[in-house]
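Okay, here's what each chain looks like letter by letter:
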Amino acid sequence: MDRFRVVGGARLAGEVRVTGAKNSVLKVMAAALLAEGRTTLTEVPHILDVEIMGELLRRLGCAVDYDPDAATVAIDVPAELGHQADYDLVRRIRASICVLGPLIARCGRAEVAMPGGDAIGTRPLDFHIAGLTKLGAELDSEHGYIVARAPDGLTGATVWLDFPSVGATENVLMAGVLATGTTVIDNAAREPEIVDLCQMLQQMGAKIDGAGTSTLTVEGVDRLSPTEHAIVPDRIVAGTWAFAAAMTQGDVTVRGARPEHLEIALDKLHSAGATVEGVDDGFRVVMDRRPDAVDAVTLPYPGLATDLQPLVMALNSIADGAAMITENIFEGRFVFASELARLGAHVRTDGHHAVVRGVPRLSGAPVRASDIRAGAALTLAGLVAEGTTYVSDIVHIDRGYPGFDAQLRSLGADVTREPDPDAPFLE
Ligand code: UD1
């Protein structure tokens, strides 16, 4: 187990490039299961979660060739797939639940371990289950597994989601593409990663209308073909670099990014006093003073992403003034506030609201990354803290940020990866 040693004081300046989105690549890897043959993905990020998802697909009978240097994954899907996704992998990445839809659609059965809770909340699966049941699958929970059966195949239906859940939209979509007849998903999620998945499925021969809107209409087809697909850029990683520039009063150009996927986040940085401009293949954020505090509310896309909320809190912790942050997606996300408080931040939480009173400077301390985004936000907070901050449990950061420490160093930060002397012993 490693940790980051972060010495505060650097102003980040230079250029970074983002690769494909974690939250897209894991889903399109699952979508590859829908067609026998070789699907090749490009712009694949070099992160731990891709390796874990690759292992899960191997256990289902696929050959998976992941080349992190070339940023590609080739997945050879056999005619006969296994149908069981085990707990040892599912608990490591929740996104593995998205093999449920493709497995039911391809095999008429699936057994997928229930992922359980994690550091950002309880995260139920009721919308996934209700949606797949609407398409004719029978789902039960047995011995910690969701056991699904659809021996006679799936039949299209209209599915209303109570909330535009990203994961439930993806599972129902991937089940609907091979169902008989028409599936309509109402109140569907509209995230760019959903659009990316729709594009990949369309390339495979799926008939989908309404990608990027709240109503997805899917005409089921008999079979799909393997394809080649480039993953959409990671808007959360790009957004993290934007906040890093604003927090450190820096000047960072982010290439390979789509600013149109980050409109509200970049507008917040503008309100905080940063200059944000579009550049060829990305955007640039320049900040030449202490940021002003900015209120923020997380909402499903196109609202402000909950995954950027820890970054907003970190920015406000050193801003001029006080800000109210409202977290509407994951109630557990404020766990991070107590770690930030260890660095001297003034944060008070009440339910899904947090009030942050900015201080001129944080003060370095040992902190623990509870999830991917909290880990990134704590590392950035360490950069604007006096003295040295040690961020432990950085395995979370490695799950979502390719070469985070190396990229920070290339922008001038004093960040090193070192063995964590206090790491617990693991089996
Ligand atoms: C995905 C992203 C995660 C992001 C989140 C919201 C991946 C791998 N993860 O997670 O980074 O923060 O979208 O943008 O893509 N809910 C239910 N019942 C369900 C499903 C969801 O109540 O059956 C609730 C959740 O508890 C949460 C809300 O709906 O409060 C949104 O969750 P959802 O959009 O499903 O998030 P994920 O797909 O798990």
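Residues numbered from 1 in each chain as written. Predicted model: local features only at pLDDT ≥ 70, side-chain atom pairs only at ≥ 80, totals over all residues. Heavy atoms only, no water.

### Some words on the nonpolar core
Spelled out, the test is: Among buried residues, the Ala, Val, Leu, Ile, Met, Phe, Trp, Tyr and Cys ones that are joined through side-chain atoms within 4.5 Å form a nonpolar core. Think of it in three bands: residues with accessible area under 20% of the maximum for their type are buried, residues over 50% are exposed, and the middle band is partly exposed, with areas taken using a 1.4 Å probe on protein chains only. Counting from the N terminus, the helices are the DSSP runs of H or I reaching at least four residues and the strands are the DSSP runs of E reaching at least two. Should any heavy atoms of two residues lie within 4.5 Å, those residues are considered in contact.
Grouped together as the largest cluster of nonpolar side chains are 78 residues, with contacts concentrated most on I75, V99 and L201. Take this core: its biggest share by element is 6 residues, from helix α1 (residues 22-31). Those residues within four positions of I75 in sequence are excluded, and the remaining contacts are M29, A32, G37, R38, T39, L41, L57, C62, A63 and V64. If you look at the next biggest cluster of nonpolar residues, it comprises 72 residues, including F283, A381, V391 and I397.

### Description of the packing of aromatic side chains
The description of an aromatic ring pair uses the distance of the two centres, along with the angle that the planes make with each other. What counts, and what does not: Centres within 6.5 Å are what make two rings of Phe, Tyr or Trp a pair, Trp counting through its six-membered ring; a difference in plane orientation under 30 degrees is then read as stacked, over 60 as edge-to-face, and the rest as tilted.
The full count for this structure, using the stated rule, is 2 aromatic pairs. Pairing W241 with F404 gives two aromatic rings, centres 5.4 Å apart and planes at 40 degrees, and the pair type is tilted. On the criterion of sequence distance, the pair formed by W241 in helix α8 (residues 235-247) and F404 in helix α14 (residues 404-410) is long-range, its members being 163 residues apart. Ring centres of Y401 and F404 lie 4.9 Å apart, and the angle between their planes is 45 degrees; this geometry places the pair in the tilted category. Judged by its relative accessible area of 2%, Y401 is buried.

### Here's the deal with the pattern of salt bridges
The cut-off we apply is this: Whenever Lys or Arg places a side-chain nitrogen within 4 Å of a carboxyl oxygen from Asp or Glu, that contact is recorded as a salt bridge.
Taken as a whole, this structure holds 22 salt bridges when the rule is applied. Ionic pairing is found between E55 and R59, a salt bridge with its closest N-O pair at 3.6 Å. A residue pair is termed a helical-turn pair when its members lie 3 or 4 positions apart in one helix, as E55 and R59 do in helix α2 (residues 48-59) at 4 residues. You can call E55 partly exposed: its relative accessible area is 29%. Several salt bridges share partner residues, and in doing so they unite D2, D398, D405, R409 and R417 into one network.

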